[in-house]
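Residue-level structure breakdown
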Amino acid sequence: MNSGILFLSLLGFLPLVIPTCPVPCKCATNIIDCTSKGLTVAKLPVAFRPSAEIIHLGYNKLTSIPNGLFDNLKSLQVVYLQGNPWECNCDILYLRSWLQWQQNRTLYRDVRCTSPAHLQDRIIAYLTEDEIISTCQYWYCSLALLSQLCLFILLFLQGILVIFIIVYLQKFRRMTAEAQSTTQDLYQHVDTWASSSRSPYNSD
């Protein structure tokens, strides 16, 4: 009785242990076929079953492969990647590294860059790391230029603020000087008025 319950429990956990065929792919025993499914990087399955030996990802809209997607597939023999618009920028580094670890790189001679223009039609497996990283520099240069522009705007605003403070302080000093002069004039008038008021008594 207990063994029967345990067996049924294990059956219940099997769907969690053994991944099902990812949508919208078709699967055989050790083959996962995702050919021509309109897959983009965002629509790509997050994982494949560990027993997969052959994966077809050809003729989709893939521009790169997410980091680590193939790392845990110990039985994997080949991945068909042809017919995708690969963008050979920083995001392609994982795929290039994975291809370079494959024993038979000739299987991947048709996995080529679509962009950028200076790397177009180059075999990804034979790209150097410097060639790929050089494509990332444009983004960093744009960011640096934007940072410099923001810094210039900040300095410009600070300059305007300093000028405004200087003008305000000068105006405040003038107002203070005028107030002091007015106060002194008022004191003088008061003293004159007091003296004139006391003069009749002093003559007596």
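The structure displayed is predicted, hence computed values, not measured ones.

Time to look at the state of the cysteines. Under the counting rule described, the total for this entry stands at three disulfides. Each sulfur of the disulfide joining C25 and C34 lies 1.9 Å from the other. Torsion about the S-S bond of the C25 and C34 cystine: about 105 degrees, corresponding to right-handed handedness. No difference in accessibility class separates C25 from C34, as the two residues are buried. There is a disulfide in this structure between C88 and C113, and the S-S distance comes to 1.9 Å. Its S-S torsion of about -95 degrees marks the bond between C88 and C113 as left-handed, since a negative value means left-handed. With C88 in the loop between β5 (86-87) and α2 (93-100) and C113 in strand β6 (residues 113-115), this residue pair connects regions lying 25 residues apart in the sequence.

So, about the nonpolar core. Core analysis: the largest hydrophobic core is formed by 34 residues, its most contacted members being L57, I65, F70, L81 and L95. The greatest single-element share of this core, amounting to four residues, is contributed by α2. Beyond its immediate stretch of four places on either side in the chain, L95 contacts I65, L81, W86, V111 and I124.

Now for unusual backbone geometry. The omega torsion of the bond from V23 to P24 falls at 5 degrees, within 30 degrees of zero and hence cis. Relative to the helices and strands, P24 is located in the loop between α1 (2-17) and β1 (26-27). In this structure, the amide linkage connecting S115 to the following residue, P116, adopts the cis form with an omega of 0 degrees. Secondary-structure assignment places P116 in the loop between β6 and α3 (129-203). The backbone of S36 shows a phi angle near 55 degrees, a positive value even though the residue is not glycine.

So, about the sheet that holds strand β3 (residues 54-56). Strand order in the open sheet formed by four strands is β1-β2-β3-β4, with mixed pairing between adjacent strands. Each edge of the open sheet carries a strand with a single partner, namely β1 and β4 (78-80).

Rules of the game
- Residues numbered from 1 in each chain as written.
- Predicted model: local features only at pLDDT ≥ 70, side-chain atom pairs only at ≥ 80, totals over all residues.
- Heavy atoms only, no water.
- Disulfide = S-S within 2.5 Å.
- Buried < 20%, exposed > 50% of the residue type's maximum accessible area, 1.4 Å probe, protein only.
- Helix = DSSP H or I, 4+ residues; strand = E, 2+ residues; numbered from the N terminus.
- Core = buried A, V, L, I, M, F, W, Y, C linked by side-chain atoms within 4.5 Å.
- Contact = heavy atoms within 4.5 Å.
- Pairing = 2+ DSSP bridges.

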